[in-house]
Amino acid sequence: MSLLIAWKKGGSSRAPEGKAVKGATPAHADSKEKKNLTRRLVELCCGESSTLGNSTRWTKGCIVTRITLDDDFASDEGLWKALEAVRQGGRNVLVWVSIPCVGGSVLQYANAHHPGARRRMQRHYSLFRKLWRNACIVIEQALGQGGDAAIEWPTSCAYWRLRFVKKFLEKHGFGVAKFHGCAFGLMDLKGQGLCLKPWTVATTISSLSTALSLSLIHISEPTRPLYISYAVFCLK
């Protein structure tokens, strides 16, 4: 954690030598351009082209920083990049956590009797603990400067039931929203029909939690898109 200690002591905006902070405001951007960049979304453990970070009509003025597999968020370098991105966002930053749920998947426990399954589960859980530790550091940095955070996993993920996870959410006043992917137009892999996909998001943004929870209420078709649009707007 030597890089983290240096970051805390010095408060330097420099990345480790040779490690540029991708997604940061360009140093050569003029004052007008910087003024228009009003919000920052920092995605932890996402794909290089995550849907959440894609450009939409709501993303004007929003900088997206993705911490992907290549950044290795379990490492000091990956943590450093996330912390730098959060700090640059000031109070207008949202940290979105998508730590893989492989070790907490229902299927993992269903297949636990297979040879080698227990060892694989232990490896997944060990990685999760490292990622969770760093995610907590980044989230607390964001909350400490007036920003917000959100954590997503499938509703059935066992990680939601871990004592230290529940304690962290309670400590920082996270609201929990449960919803179904089909309410937001999620399609199956073939794109031929809606996919149920029970999902849960814990967030410090009360309006987002409310908007997502409303998707479980029966809403007439002409009205439902308004709530969906509002939920997407909250994410941006």
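Criteria and thresholds
Residues numbered from 1 in each chain as written. Predicted model: local features only at pLDDT ≥ 70, side-chain atom pairs only at ≥ 80, totals over all residues. Heavy atoms only, no water. Helix = DSSP H or I, 4+ residues; strand = E, 2+ residues; numbered from the N terminus. Buried < 20%, exposed > 50% of the residue type's maximum accessible area, 1.4 Å probe, protein only. Contact = heavy atoms within 4.5 Å. Areas by Shrake-Rupley, 256 points an atom, 1.4 Å probe, with all protein chains shown as cover. pLDDT = per-residue confidence, 0-100. Polar contact = N/O pair within 3.5 Å; in protein donor to acceptor, adjacent residues only side chain to side chain. Core = buried A, V, L, I, M, F, W, Y, C linked by side-chain atoms within 4.5 Å. Arc of directions from axis to C-beta. Pairing = 2+ DSSP bridges. Axes fitted to C-alpha atoms, helices over the stretch in contact; angles between N-to-C directions.

### Regarding the overall build of the chain
From N to C terminus, the chain includes 8 helices and 6 strands. Listing each helix as α and each strand as β along the chain from the N terminus yields α-α-β-β-α-β-α-α-β-α-β-β-α-α. Of all 236 residues assigned to the chain, the portion counted as buried reaches 43%. Long-range pairs, those at least 24 residues apart, make up 66% of the contacts in the chain between residues at least 6 apart in sequence. For the chain, the accessible area works out to roughly 13,500 Å², and carbon and sulfur atoms hold 56% of it.

### A look at the environment of Leu 212
Of note, Leu 212 is situated in helix H7 (residues 206-214). For the pair Leu 212 and His 180, spaced 32 residues apart in sequence, the C-alpha separation works out to 9.0 Å.

### Structural notes on the confidence of the model for the chain
With 68% of its residues at a pLDDT of 70 or more, the chain shows a mean pLDDT of 76. Every residue in residues 1-34 is under pLDDT 50, and counting partners more than four places away or in other chains gives 51 contacts. Confidence drops under a pLDDT of 50 for residues 217-236, and excluding neighbours within four residues, the segment shows 33 contacts in the predicted structure.

### A short note on the side chain of Thr 203
With respect to the element layout, Thr 203 can be found in strand S6 (residues 198-203). From its side chain, Thr 203 meets the backbone nitrogen of Ile 205 in a polar contact 3.0 Å long. Ignoring sequence-local partners within four residues, the contact set of Thr 203 consists of Ala 149, Ala 150, Gly 173, Phe 174, Gly 175, Leu 208 and Ser 209.

### Let's talk about the side chain of Thr 68
Secondary-structure assignment places Thr 68 in the loop between strand S2 (62-67) and helix H3 (76-89). Beyond its immediate stretch of four places on either side in the chain, Thr 68 contacts Cys 46, Gly 47 and Glu 48.

### Section: the nonpolar core
Counting residues in hydrophobic clusters, the biggest one holds 36 residues, and the most contacted among them are Leu 44, Phe 73 and Trp 153. For this core, the elements supplying multiple residues, two or more each, are strand S1 (39-44), H3, strand S3 (93-97), helix H5 (117-144), strand S4 (148-154) and helix H6 (163-171). With 8 residues, the top contributor of residues to this core is H5. Counting 13 residues, the second largest nonpolar core, distinct from the first, contains Leu 52, Trp 96, Val 201 and Leu 208.

### Quick word on H6
Residues that lie three or four places apart on an α-helix share one face, since the helix turns once every 3.6 residues. Burial in H6 covers these residues: Val 165, Phe 168 and Leu 169. One side of H6 carries all its buried residues, which in axial view fall inside an arc of 95 degrees. Facing away from the buried surface of H6 by more than 90 degrees, the exposed residues are Arg 163, Lys 167, Glu 170 and Lys 171. Just past H6, the residue Gly 173 takes up positive phi, approximately 70 degrees.

### Observations regarding the sheet that holds strand S5 (residues 175-180)
Strands sit in the order S2-S1-S3-S4-S6-S5 across an open sheet of 6 strands; the sheet is mixed. Here the strands that pair on one side only, and so sit at the sheet edges, are S2 and S5. Between one strand axis and the next, the sheet turns through 20 degrees on average, direction left out of account. Contacting S3, S5 and S6, H7 runs over the sheet at an angle of about 30 degrees to S5.

### Here's the deal with H7
Three or more residues of H7 are buried, namely Leu 208, Ser 209, Ala 211 and Leu 212. The arc that holds the buried residues of H7, viewed along the axis, is 165 degrees, so those residues lie on one side.

### Some thoughts on the pairing of S1
One face of the sheet, then the other: side chains in a regular strand alternate in exactly this way. Of all 6 residues making up S1, 5 are buried, and the element is well covered by its neighbours. As defined by bridge partners, S1 adjoins S2 across 6 bridges and the pair is classed as parallel. From the neighbouring strand, Arg 40 faces S2, where its bridge partner is Ile 63. Sheet analysis places S1 next to S3, joined by 5 bridges and oriented parallel. Note that in S3 the partner of Leu 44 across the bridge is Val 97.

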